[in-house]
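# Residue-level structure breakdown
Listed below, chain by chain, are the residues.
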Amino acid sequence: MELPKRIRILSRWYEIKQDEEAMAELKGRGWLGMVKHGDGVILVLGNMPARVQWDTLLHEALHVVALEIGLSEKLGEKRSGEGVILGLTTGMRSVLVDNEIDWRKELDGDVN
């Protein structure tokens, strides 16, 4: 399954970029993904297995959430609490994959 072109996180739209420019920036840093908060852009390395791309998108989305709710500052780690975000990504992936729940349906139509 291909990544979406954009996702909404806490009522703000983020464009997902996997073009050559994004790939060059990520490879230059040695990262699989990154968020450009001011631009509303999430970069995800595209030449990886689909599962890794989705994990990376979830990881970067959690960085956005951490920043927006003030958690990044409280974590006190370099790079916005990278260790904590890695753990949260693993945990959330497990919840999403291990449970066959249609989250949108379970919210009883209470989605935007």
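Residues numbered from 1 in each chain as written. Predicted model: local features only at pLDDT ≥ 70, side-chain atom pairs only at ≥ 80, totals over all residues. Heavy atoms only, no water.

The subject of this paragraph is the overall build of the chain. Of the regular secondary structure elements, the chain holds 5 helices and 4 strands. Across the 112 residues of the chain, 31% fall into the buried class. The contacts in the chain between residues at least 6 apart in sequence include a share of 48% that link residues at least 24 apart. For the chain, the exposed area adds up to about 7,600 Å²; of that, 52% sits on carbon and sulfur atoms. (Helix = DSSP H or I, 4+ residues; strand = E, 2+ residues; numbered from the N terminus. Buried < 20%, exposed > 50% of the residue type's maximum accessible area, 1.4 Å probe, protein only. Contact = heavy atoms within 4.5 Å. Areas by Shrake-Rupley, 256 points an atom, 1.4 Å probe, with all protein chains shown as cover.)

Spatially, β1-β2-β4-β3 is the arrangement adopted by the 4 strands of the open sheet, whose pairing is mixed. For this open sheet the edge positions go to β1 (6–9) and β3 (33–36), each flanked by a neighbour on one side alone. Direction aside, the axes of adjacent strands within the sheet are offset by 25° on average. Examined bridge by bridge, strand β2 (residues 12–17) and strand β4 (residues 41–44) share 3 bridges and lie parallel to one another. Counterpart to Lys 17 in the pairing with β4 is Leu 43. (Pairing = 2+ DSSP bridges. Axes fitted to C-alpha atoms, helices over the stretch in contact; angles between N-to-C directions.)

To continue, consider the pairing of β1. Across a regular strand the side chains alternate sides, sitting on one face of the sheet and then on the other. Where burial is concerned, the two faces of β1 differ: the one with Ile 7 and Ile 9 is buried and the one with Arg 6 and Arg 8 is not. Taken together, the 4 bridges between β1 and β2 define a ladder with antiparallel strand orientation. Pairing of Ile 7 across the sheet is with Tyr 14, part of β2. Between β1 and the antiparallel strand that follows it, β2, lie 2 residues; Leu 10 among them carries a positive phi value of about 50°.

Scanning all chains against the criterion turns up 4 salt bridges. Put simply, Asp 55 and Arg 93 hold a salt bridge, and the shortest N to O gap is 2.8 Å. Within this pair, whereas Asp 55 is found in helix α2 (residues 50–68), its partner Arg 93 is found in helix α4 (residues 78–98), the two being separated by 38 residues in sequence. Of the residues examined, Arg 93 reaches a relative accessible area of 21% and is grouped as partly exposed. A single salt-bridge network, built from bridges that share partners, covers Glu 25, Arg 29 and Lys 36. (Salt bridge = Lys/Arg side-chain N within 4 Å of Asp/Glu carboxyl O.)

This part takes up the packing of aromatic side chains. Overall, the coordinates contain 0 aromatic pairs when judged by the stated rule. Between Arg 6 and the ring centre of Trp 13, over which it is positioned, the NZ or CZ distance is 3.7 Å. Positioned over the ring face of Tyr 14 is Arg 12, at 4.9 Å from the centre of the ring. (Phe/Tyr/Trp six-rings, centres within 6.5 Å; stacked < 30°, edge-to-face > 60°. Lys NZ or Arg CZ within 6 Å of the ring centre and 35° of its normal.)

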